[in-house]
Amino acid sequence: MTLRLTHTAKTYPDGTKALLPTELSVDKGEIVSLLGPSGCGKTTLLRIIAGLETPDSGSNIWFDDDNVTALPVERRQVGMVFQSYALFPNMSVRANIGYGLKMQKLPKSEIDARVTEVLDMCQLQPFSGREVTALSGGQRQRVALARAIAPRPRLLLLDEPLSALDASLRETLRDELAILLREFDITALFVTHDQDEAMAIADRVAVMSHGRVVQSGTPEDLYRNPTSSFVAGFVGNAMSLRGRKDGTTLHLKGGTLSLPADGVGQTVFVRAEDIRIVESGPLRGKVETVTFLGTHYRIGISGITSDTLASIHLGQDAPKVGDMINVSIMAETLMLLPEEAGAA
Amino acid sequence: MTRIIQISDPHIVPHGQLAYGQVDTAKALTDCVETINRSLSDIGPVDMVIVAGDLTDFGTEEEYQRFCTLMEPLDLPYRAVPGNHDDVAVMRKCFWGQSWMPLDGPINWTLDFGDLAVIGLDSSVAGKAHGHLTDETLCFLSETLDAQEGSPTIVTMHHPPVLTGIEKMDIQNLRDSKQLKKILSGYKGELRLTCGHVHRNIVTSFGDVICQIAPGVSHAVTMDLRAGAPNCLTKEPGGFLLHEIRGGIMSHHILVGRYPGPFLFYPDK
């Protein structure tokens with residue numbers, strides 16, 4: 001199913017604009033993530049699509065050729081997955097998955113067939129007779145997903161499904177979720193505030209800020225070609241280089257850099273992997289922190305710009321705290337983005 | 001014919017304590033259980049007891065254990081939804097493994113007897129006195145109601161979504177109830193919303209449905225409708241509700257305790 005929103009907005013009675021007029025489409029089988037900080041409007045958008053929130057008049061929500069804007073939540077055939085799985089402990093995996101179907105009073109043969117189908121899809125067949133309390137966190141997530149898709153929803157909505165998990169489990173389940181959603185071949189919308197989660201799971205990420213979608217694209221596209229300071233900072237933590245711009249030259253506290261284009265009226269951003277510690281280079285700074293992270297060091301450098309810059313350093317050894325070091329940044333790795341009023 | 005007893009707000013405190021320094025809530029619950037057991041021969045059979053929240057006063061494990069112990073003599077199975085005085089995590093632990101208790105998330109459940117279904121919803125907000133239904137709970141409600149296809153249904157939650165005029169309770173009612181009203185009003189069959197929280201038997205309309213607030217099994221919140229009235233309790237007799245299908249959903253109010261009678265109106269006839 002294709003999801004399409006046209007001119008969809010939400011204004012609260014007190015005048016708060018939770019969602020500014022938004023256009024969004026999600027293709028059949030596409031997995032789109034709504035990514036943004038709390039209060040950006042992503043949850044409002046999800047609630048509007050689910051039918052839990054009435055949008056402003058003029059808004060239109062299309063499921064293929066059906067305009068569902070006025071349809072109540074129970075008529076939209078939407079599957080929802082939340083933080084909690086809400087599984088019943090005294091029931092088998094099979095009974096948990098079939099619970100919703102049983103409530104819908106489908107014939108037993110139909111329930112059995114559908115449950116078997118999703119058990120296979122989620123590789124839960126060996127556990128079908130077990131109680132859910134005997135399952136691992138990953139297996140429980142699969143049961144919750146299997147239950148959500150068993151009624152054959154037209155669209156799957158996931159509301160921060162991983163955010164209650166501890167960090168180690170979250171990463172494993174994130175990768176598993178990405179694989180399963182593709183296996184289901186279902187149109188899915190996934191709300192998260194975690195950029196890593198969005199990048200790992202989604203085909204396309206819609207970054208939201210202050211009630212609007214500010215940029216939408218593949219994870220690579222957002223990372224490499226952000227169109228705003230907000231996206232550069234929020235996706236991949238790009239750092240701004242604050243200094244005086246003179247045409248294609250940037251004068252920083254710690255030295256001078258060449259810019260790939262005229263920098264006047266632009267904010268210059270750089271990513272940590274593009275800050276190189278070298279024998280001799282145009283910039284000079286002082287090592288403030290050294291963090292060993294296994295695959296690389298993360299070095300905090302002061303004195304180049306007003307904030308401490310982070311550098312990802314791949315060498316076998318690292319400079320020491322307090323060392324003065326030279327730094328180079330290739331001009332083509334710098335990102336020039338329009339200056340934003342009030343942007344940090 | 002399915003019959004359900006609804007009790008509410010037992011507010012059990014640790015052994016040897018009085019709730020608010022005033023009320024022996026354990027005795028009240030014991031009397032309630034005794035009243036239910038004694039009445040069964042006259043009003044039964046009854047299929048299930050539902051507890052509409054505030055099982056305990058502070059949500060501690062000790063209080064839940066005491067609640068369970070006091071409920072043990074009850075001749076009927078029971079299940080519960082949490083209120084603002086409950087702690088969902090501790091309550092889950094205490095009722096772990098019961099058929100109605102989900103492994104995580106809000107304590108929502110369904111009970112379908114064929115001629116009558118009961119949907120229990122978790123309206124509690126951790127650390128707050130007021131109520132709220134999460135998106136997850138609203139989705140659970142709409143899905144579950146949809147599956148009932150118009151068959152008579154009771155929806156039970158602790159916090160009423162209405163204002164009763166008792167100011168100190170009204171400021172902690174169910175907030176953001178617009179979506180709830182929409183979902184309930186859209187139901188194509190008989191639907192009753194039953195709550196607790198106010199410790200008084202109150203009936204009103206909520207959208208297209210009847211909203212019934214159950215009396216407390218113990219003390220009452222003082223009937224004082226003046227603006228700025230103080231937050232008080234009164235030791236009125238406890239009570240509970242008997243819901244049954246009699247034409248439609250009928251709810252009887254039964255007082256806890258023993259009272260003189262029954263007397264034949266016309267003993268000579």
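Residues numbered from 1 in each chain as written. Chains lettered and ligands numbered in written order. Predicted model: local features only at pLDDT ≥ 70, side-chain atom pairs only at ≥ 80, totals over all residues.

## Here's the deal with the overall build of chain A
Part 1 of the reasoning: Each helix and strand counted, chain A has 8 helices and 21 strands in total.
Part 2 of the reasoning: Across its three principal directions, the C-alpha atoms of chain A cover 75 × 50 × 30 Å.
Part 3 of the reasoning: Counting only residues that meet the buried cut, chain A has 42% of its 344 residues in that class. (Helix = DSSP H or I, 4+ residues; strand = E, 2+ residues; numbered from the N terminus. Buried ≥ 20, exposed ≤ 12 C-beta atoms within 10 Å, placed from the backbone.)

## Remarks on the overall build of chain B
Part 1 of the reasoning: The secondary structure content of chain B amounts to 6 helices and 13 strands.
Part 2 of the reasoning: Judged by the C-alpha coordinates and their principal axes, chain B covers about 55 × 45 × 45 Å.
Part 3 of the reasoning: Evaluated residue by residue, chain B yields a buried proportion of 45% over its 269 residues.
Part 4 of the reasoning: Taking contacts inside chain B between residues at least 6 apart in sequence as the whole, the part at least 24 apart equals 69%. (Contact = placed C-beta atoms within 7 Å.)

## Focus on the nonpolar core
Residue and element names in this part refer to chain A.
Part 1 of the reasoning: Counting 162 residues, the largest nonpolar core has Ala146 and Leu157 as the members making the most contacts within it.
Part 2 of the reasoning: Both domain 1 (3-234) and domain 2 (239-338) contribute no fewer than three residues apiece to this core.
Part 3 of the reasoning: Those residues in contact with Leu157 that sit more than four places away from it in its chain are Leu46, Ile49, Ala50, Val78, Met80 and Leu189. (Core = buried A, V, L, I, M, F, W, Y, C linked by C-beta atoms within 7 Å. Domains from an automatic or database assignment.)

## Side note on the interface of chain B and chain A
Part 1 of the reasoning: Counting residues at the interface gives 24 residues for chain B, matched by 20 residues for chain A.
Part 2 of the reasoning: At the level of elements, helix 4 (135-148) and helix 6 (178-185) of chain B are the ones that each hand at least two residues to the side of chain B that touches chain A.
Part 3 of the reasoning: Class assignment for the residues of the side of chain B that touches chain A results in 9 nonpolar, 9 polar and 6 charged. (Nonpolar A, V, L, I, M, F, W, Y, C, P; charged D, E, K, R; others polar.)

## Quick look at the domain arrangement of chain A
Residue and element names in this part refer to chain A.
Part 1 of the reasoning: Per the domain assignment, the segments making up chain A are domain 1 (3-234) and domain 2 (239-338).
Part 2 of the reasoning: In this structure, domain 1 and domain 2 have C-alpha centres spaced 39 Å apart.
Part 3 of the reasoning: With 4 residues of domain 1 at the interface, the matching set in domain 2 holds 4 residues.

## Concerning the pairing of strand 8 (residues 202-206) of chain B
Residues and elements named next belong to chain B.
Part 1 of the reasoning: Relative to strand 9 (residues 209-213), strand 8 runs antiparallel, the two being bridged by 5 bridges. Paired with Phe206 across the two strands is Val209, which belongs to strand 9.
Part 2 of the reasoning: Counting the residues that bridge the hairpin from strand 8 to strand 9 gives 2 residues, and of these Gly207 lies at a positive phi of roughly 60 degrees. (Pairing = 2+ DSSP bridges.)

## Topic: the sheet that holds strand 21 (residues 335-338) of chain A
Residue and element names in this part refer to chain A.
Part 1 of the reasoning: Strand order in the open sheet made by the 3 strands is 11-15-21, with antiparallel pairing throughout. Edge positions in the sheet fall to strand 11 (239-241) and strand 21, since each has one partner strand and no second. Going across the sheet, the axis of each strand differs from the next one's by a mean of 45 degrees, ignoring polarity. (Axes fitted to C-alpha atoms, helices over the stretch in contact; angles between N-to-C directions.)

## What to know about the environment of Pro282(A)
All names here are of chain A.
Part 1 of the reasoning: Structurally, the position occupied by Pro282 is in the loop between strand 16 (276-278) and strand 17 (283-292).
Part 2 of the reasoning: Here Pro282 falls in the partly exposed class, since 15 other C-beta atoms lie within 10 Å of it.
Part 3 of the reasoning: Through-space distance from the C-alpha of Pro282 to that of Ala86 is 57 Å; in sequence the pair is 196 residues apart.

## Considerations on unusual backbone geometry
All names here are of chain B.
Part 1 of the reasoning: Following Gly44, the chain continues to Pro45 via a peptide bond in cis, the omega torsion being -5 degrees.
Part 2 of the reasoning: For the bond running from Gly261 to Pro262, omega is 5 degrees, close enough to zero to count as cis.
Part 3 of the reasoning: Residue position: Pro262 is located in the segment after strand 13 (248-255).
Part 4 of the reasoning: Although it is not a glycine, Glu149 adopts a positive phi angle of roughly 50 degrees.

## Quick word on the sheet that holds strand 2 (residues 17-26) of chain A
Consider a sheet: its strands pair through backbone hydrogen bonds, and that pairing is either parallel or antiparallel.
Residues and elements named next belong to chain A.
Part 1 of the reasoning: Taken in spatial order, the 4 strands make up an open sheet running 2-1-4-5, and their pairing is antiparallel. The open sheet has two edge strands with one neighbour each: strand 2 and strand 5 (66-67).
Part 2 of the reasoning: Note: strand 1 (residues 3-11) against strand 4 (residues 60-63), 4 bridges, orientation antiparallel. By the bridge assignment for strand 4, Leu5 is matched with Ile61.

## Some remarks on the packing of helix 2 (residues 93-103) of chain A against helix 4 (residues 137-149) of chain A
The axes of two packed helices give the description: the angle between them and the distance between them.
Residues and elements named next belong to chain A.
Part 1 of the reasoning: As a packed pair, helix 2 and helix 4 sit with axes 7 Å apart at the nearest point and diverge in direction by 30 degrees. As judged from the angle between their axes, helix 2 and helix 4 are roughly parallel. Classified by chirality, the crossing of helix 4 by helix 2 is right-handed. Note on element contacts: helix 4 touches helix 2 through Val143, Ala146 and Arg147, opposite Val93, Asn96, Ile97, Tyr99 and Gly100.
Part 2 of the reasoning: Among the residues forming the contact of helix 2 with helix 4, the class breakdown is 5 nonpolar, 2 polar and 1 charged. (Parallel < 35°, antiparallel > 145°, perpendicular 65-115°, else oblique. Left-handed = near helix turned anticlockwise from the far one by under 90°.)

## Topic: helix 1 (residues 42-50) of chain A
Residue and element names in this part refer to chain A.
Part 1 of the reasoning: Most of helix 1 sits out of view: 9 of its 9 residues are buried.
Part 2 of the reasoning: Along helix 1, the residues classified as buried are Lys42, Thr43, Thr44, Leu45, Leu46, Arg47, Ile48, Ile49 and Ala50.
Part 3 of the reasoning: Downstream of helix 1 by one or two residues, Gly51 has phi in the positive range, about 95 degrees.

## Details of the packing of helix 4 of chain B against helix 6 of chain B
All names here are of chain B.
Part 1 of the reasoning: Helix 6 packs onto helix 4 with a crossing angle of 5 degrees between their chain directions and a minimal axis gap of 10 Å. Between helix 4 and helix 6, the angle is such that the two are roughly parallel. For the pair helix 4 and helix 6, contact is made by Leu138, Leu141, Ser142 and Leu145 and by Gln179, Leu180 and Ile183, respectively.
Part 2 of the reasoning: Class assignment of the residues belonging to the contact of helix 4 with helix 6 gives a composition of 5 nonpolar, 2 polar and no charged.

## A word on the confidence of the model for chain B
Part 1 of the reasoning: For chain B, the average pLDDT comes to 96, and 100% of its residues sit at 70 or higher.
Part 2 of the reasoning: Note on the complex model: pTM 0.85, ipTM 0.78. (pLDDT = per-residue confidence, 0-100.)

## Description of the pairing of strand 17 of chain A
Residues and elements named next belong to chain A.
Part 1 of the reasoning: With 4 bridges joining them, strand 17 and strand 20 (residues 324-328) adopt antiparallel strand pairing. The residue bridging Gly285 from the neighbouring strand is Ile325, located in strand 20.
Part 2 of the reasoning: Sheet topology places strand 17 next to strand 18 (residues 297-302); 6 bridges connect them, and they run antiparallel. By the bridge assignment for strand 18, Val287 is matched with Ile301.
Part 3 of the reasoning: Here strand 17 folds back onto strand 18 in antiparallel fashion, the turn holding 4 residues, of which Gly294 has a positive phi close to 85 degrees.

## What to know about the environment of Glu53(A)
Residues and elements named next belong to chain A.
Part 1 of the reasoning: With respect to the secondary-structure elements, Glu53 resides in the loop between helix 1 and strand 4.
Part 2 of the reasoning: With 20 C-beta atoms counted inside 10 Å, the residue Glu53 sits in the buried group.
Part 3 of the reasoning: Remark: the alpha-carbon pair of Glu53 and Ser109, spanning 56 residues in sequence, is separated by 36 Å.
Part 4 of the reasoning: When residues no more than four places from it in sequence are discounted, the contact partners of Glu53 are Lys10, Thr44, Arg47 and Ile48.

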